[in-house]
Amino acid sequence: MIYSFKIRLLTIVGLVAVSLVIALGRSFQLQVLEGAHLEKLAQSQQQRTVVLEPKRGRITDRNGRILAISIPVKSLYANPKELESAQQTARILALPLGLSYHKLKRKLSSKRSFVWLKRRIDPELAKALEKQLPKGIGFVDEFRRYYPQRSEGGQMLGFTGIDSQGLEGLEYQYESLLKGKPQGYIVEKEGTYRTVPLKGYPERPPEQFSLQLTIDSRIQHLTEKHIAQGVIEAQADRGTAIVMDSSSGAVLAVASYPGFDPNRYRQFSRAHFLNRAVTSGYEPGSTFKIITLSAALSEGLISVDQNFDCENGEYKVGGHRIRDVKKHKQLSLLQVLKKSSNICAAKIGMRLSPHVFQDYIKNFGFGSRPDSGLAAEAPGKLLPAKKWTAVDHASISFGQGILVSPLQMLVAINVFANRGKLVTPFTVQHAIDATGNSLKQIDPPGGSESYRFGPKDSKMVIEPQVADLVREFMISVTQEGGTAKRASIEGYQVAGKTGTSQVYDPKLGRYSKTQYVASFGGFTPAKDPRVSILVLIRNPRKSLYGGVVAAPVFREIARKTMLIQKVFPEPSQPNDQESIRISRND
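Everything numeric here is computed off the predicted structure, so don't read it as measured data.

**Considerations on the overall build of the protein**
So, step 1. Counting its secondary structure elements, the protein contains 19 helices and 23 strands.
So, step 2. Counting over 586 residues, the protein shows a buried share of 51%.
So, step 3. Sequence separation of 24 or more characterises 73% of the internal contacts of the protein that already satisfy a separation of 6 or more.
So, step 4. Working note: accessible area of the protein is about 28,400 Å², and carbon and sulfur atoms make up 52% of it.

**Brief notes about the pattern of salt bridges**
So, step 1. Here the structure, examined in full by the defined rule, presents 20 salt bridges.
So, step 2. Residue arginine 270 pairs with glutamate 168 through a salt bridge whose shortest N-O separation is 2.3 Å. Pair noted here: arginine 270 is in the loop between strand S10 (251-257) and helix H10 (276-279) and glutamate 168 is in the loop between helix H6 (154-157) and helix H7 (169-173), with a separation of 102 residues, a long-range link.
So, step 3. Given a relative accessible area of 51%, arginine 270 falls into the exposed group.
So, step 4. Each of Arg56, Arg145, Glu171 and Glu175 takes part in salt bridges that share partners, so that together they form one network.

**Focus: the sheet that holds strand S22 (residues 510-524)**
So, step 1. Taken in spatial order, the five strands make up an open sheet running S10-S9-S23-S22-S21, and their pairing is antiparallel. Looking at the sheet topology across the chains shown, the edges are occupied by S10 and strand S21 (495-505). Each strand axis lies, on average, 10 degrees off the axis of its neighbour in the sheet, ignoring direction.
So, step 2. Across eight bridges, the pairing between S22 and strand S23 (residues 531-538) is antiparallel. Bridge pairing links serine 519 to leucine 536 in S23.
So, step 3. Contacts from helix H9 (residues 217-233) reach strand S9 (238-245), S10 and S23 within the one sheet, and its direction differs from that of S10 by about 30 degrees.
So, step 4. In the packing of helix H16 (residues 406-414) onto the sheet, the strands contacted are S9, S22 and S23, and the crossing angle to S23 comes to about 140 degrees.

**Structural notes on the environment of proline 134**
So, step 1. One can find proline 134 in the loop between helix H5 (123-130) and strand S5 (137-146).
So, step 2. For proline 134 and glutamate 84, which are 50 residues apart along the polypeptide, the C-alpha to C-alpha distance reads 8.6 Å.
So, step 3. Setting aside its immediate chain neighbours within four residues, proline 134 contacts Thr89 and Ile92.

**Some words on empty space enclosed by the protein**
So, step 1. Counting across every chain of the model gives two cavities of 30 Å³ or more.
So, step 2. Put simply, the largest cavity is a space of about 100 Å³.
So, step 3. Lining the largest cavity, in full, are Arg238, Gly239, Thr240, Arg276, Ser280, Gly281, Tyr282, Pro406, Leu536 and Arg538.
So, step 4. For the lining of the largest cavity, the elements supplying multiple residues, two or more each, are S9 and S23.
So, step 5. In this structure, the second largest cavity occupies an estimated 60 Å³ of space.
So, step 6. Leu67, Gln149, Glu152, Gly153, Met156, Leu157, Ile215, Ser217 and Gln220 together form the lining of the second largest cavity.
So, step 7. Mapped onto the lining of the second largest cavity, the elements with two or more residues apiece are H6 and H9.

**Focus: the pairing of S10**
So, step 1. Counting buried positions along S10 gives six out of seven residues, so the element sits mostly inside the fold.
So, step 2. The pairing of S9 with S10 spans six bridges and is classified as antiparallel. Bridging across to S10, isoleucine 242 finds its partner in valine 254.
So, step 3. Taking the residues between adjacent antiparallel strands as the criterion, S9 and S10 are bridged by five residues, where glycine 249 takes a positive phi near 90 degrees.

**Side note on H5**
So, step 1. Within the sequence span of H5, burial applies to Leu125, Ala126 and Leu129. Along the axis of H5, the buried positions cluster into a sector of 100 degrees, meaning they face one direction only. Every exposed residue of H5 that faces more than 90 degrees away from the buried side is listed here: Glu124 and Lys127.
So, step 2. Sitting at the head of H5, aspartate 122 places a side-chain oxygen 3.0 Å from the backbone nitrogen of glutamate 124.

**Some details on the side chain of aspartate 433**
So, step 1. Structurally, aspartate 433 can be placed in strand S16 (residues 428-433).
So, step 2. In this structure the side chain of aspartate 433 is engaged in a polar contact, spanning 2.8 Å, whose partner is the backbone nitrogen of asparagine 437.
So, step 3. With residues near it in sequence (within four places) discarded, aspartate 433 still touches Gln208, Phe209 and Leu439.

**So, the packing of helix H3 (residues 86-97) against helix H4 (residues 101-108)**
So, step 1. Between H3 and H4, whose axes approach to 9 Å, the crossing angle comes to 135 degrees. Judged by the angle between their axes, H3 and H4 are oblique. Along this stretch, H3 crosses H4, giving a crossing that reads as right-handed. Facing Ala86, Gln87, Thr89, Ala90, Arg91, Leu93 and Ala94 of H3, the residues of H4 in contact are Tyr101, Leu104, Lys105 and Leu108.
So, step 2. Along the lines of polarity and charge, the residues of the contact of H3 with H4 split into seven nonpolar, two polar and two charged.

**Description of the nonpolar core**
So, step 1. Among the nonpolar cores identified, the biggest contains 118 residues, and Leu213, Phe416 and Val535 are the most heavily contacted of them.
So, step 2. The biggest single contributor to this core is helix H17 (residues 464-477), with seven residues.
So, step 3. Each residue touching valine 535, except ones within four places of it in the same chain, is listed here: Ile227, Thr240, Ala241, Ala518, Ser519, Phe520, Ala550, Val553, Phe554 and Ile557.
So, step 4. Judged by nonpolar contacts, the second largest core, of 18 residues, contains Leu83, Leu97, Leu108 and Phe139.

Basis of the calculations
- Position labels on residues start from 1 in each chain and follow its written sequence.
- Whole-chain, interface and lining totals are the exception, using all residues; otherwise, since this is a predicted model, local features are given only for residues with pLDDT of at least 70 and side-chain atom pairs are given and counted only at 80 or more.
- Derived side-chain values reflect all non-hydrogen atoms in the structure, with water molecules and hydrogen atoms excluded from consideration.
- Counting from the N terminus, the helices are DSSP H or I runs at least four residues long and the strands are E runs at least two residues long.
- We call a residue buried when its accessible area falls under 20% of the maximum for its residue type, exposed when it is over 50%, and partly exposed in between, using a 1.4 Å probe and counting protein chains only.
- The contact criterion used throughout is that any non-hydrogen atoms of two residues lie within 4.5 Å.
- Areas reported as accessible are Shrake-Rupley estimates using a 1.4 Å probe. Residue values count occlusion only from the protein chains shown.
- What counts as a salt bridge is simple: a side-chain nitrogen of Lys or Arg found within 4 Å of a carboxyl oxygen of Asp or Glu.
- The pairing criterion is simple: DSSP has to find at least two bridges between the two strands.
- Fitted lines through C-alpha atoms give the axes, limited to the stretch in contact for helices. The angle between two N-to-C directions lies from 0 to 180 degrees.
- Definitions used for this entry: grid spacing 1 Å over protein atoms alone; cavity, a set of points where a 1.4 Å probe fits but cannot get out; pocket, an open set with protein on both sides within 12 Å along at least 5 of 7 lines; lining residue, one with an atom within 4 Å of a point.
- Grid points are joined across faces, edges and corners, and a volume is the space filled by probe spheres set on the points.
- Picture the helix axis, draw a direction to every C-beta atom, and the arc is the one those directions span.
- Within 3.5 Å is the distance limit for a polar contact, defined as a pair of N or O atoms, with the added protein rule that one can donate a hydrogen and the other accept it, and that residues adjacent in sequence qualify only through two side-chain atoms.
- Oblique is the label for every angle not falling under 35 degrees (roughly parallel), over 145 degrees (roughly antiparallel), or within 65 to 115 degrees (roughly perpendicular).
- Definitions for this section: a left-handed crossing has its near helix turned counterclockwise from the far helix by less than a right angle. A right-handed crossing has that turn clockwise.
- Gly falls in the polar group here, along with every residue not listed as nonpolar (Ala, Val, Leu, Ile, Met, Phe, Trp, Tyr, Cys, Pro) or charged (Asp, Glu, Lys, Arg).
- Side-chain atoms within 4.5 Å link the members of a nonpolar core, which is a set of buried Ala, Val, Leu, Ile, Met, Phe, Trp, Tyr and Cys residues.

Take a look at the structure:
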């Protein structure tokens, strides 16, 4: 009996010990080996992580005026599992939300626990709905991008999408700086499906970076106004104007007409979004002659006291006829530019070897992106010198057969405002971090490309003496007998060059006889330049000449910009207001 009792006792003790070991082992497994996994599983059942939409940084002009800002708005959502009646809720909300009843009902009948009903709704509507929200319907705080200047600078600024991601323009170009850092927070679930709706979460993260541009809203406004007037008066398809600080390269205004309002971008076609100042290539025509003359002068192939035979208005190169609108027999070098002779420009350009000429063209910035900070810059198109035919060589000499962007052409014109120095344009003065510090450079983590703001390096392209001489020629263009008398401004001396170029029609395989680009580019005051401006009018029907349709737009923009910058007219400058006949040869 005693032996039997001891066996039973030991058996019970052994079983208890084994059970304890098993329990301890299981506890170790659950708490140590699988603890982290089970904790995550529990959290997924009890908690929900909500990602907080960041607030984008501001974009301001050079004076701090807001160009783009994110404003708080409310977005309406539903938890279909909590609705008492999808049908009844759809009837209540369809009309005020402006949604189809049937479409809304399908959303509310979803098996999901979260669906968007309408994002970024009107504040007044949100206020009205808050008073009588059905069960299962709620608001989420978000941001909507707002552009106070509406269409002014629209193509330059671009816009953001429904999730505040940059889609066009500077919004896209500097997306990684402007978008901010997403921040998540946890909400506890109540019961089977309910969650505590967006309470007790931390404050939204501060803006990551804001951008202060070189743009002057006052100059942008008048530029937009006058390019629109110029296009309408010329009965043209569209137009572009750029204003740049001559000495620093800061872009003060960039405008294209027709434009668009980024607040309502869905109402416009994609063609309206293009910033044609940097994305569109065109053949510059006679404005390019200043490049040809300066290259030949730099190489010592022509001289200022030389005369050129203009062949009485018609000249044959490689089976192709080059014509001047006005017939000339002999012209001095100054007159070649002042009267804008294609024939003489071709003869001068062909004195340069193709490779030497091409090197000068590239040094002026053609064939490479301007690096202005604007989005979607095009490099243009320059045929390799080894492929030039005689016709190509002659045509490029007067600005046909080469594609450039308006900004590239303005940068080249500005070389003569800076005595032969090419100044790189820039659009962003500096970035501003969340604490208000101004930054000229940002090095993102991960080794990605650095952002650098403010003035950039410059380089000498031609000798100062050559630039000064060509500038004198450009001044004559705006004086009596020149092609751009309408660009002259009372009290200010203007230097510039007109251009009228034919548009190549790929369908016809030749240059169109009905489509032209008329332009004028220059700077003022000519002897101490403050601003450089290019105006381009596409397909004008009133007149095809830059001196007629583009020069007056330049004059108005330049005159008013001078007053804004407190550069007042010199009383000693001549004021010739008489009506004169404009030369038809641009």
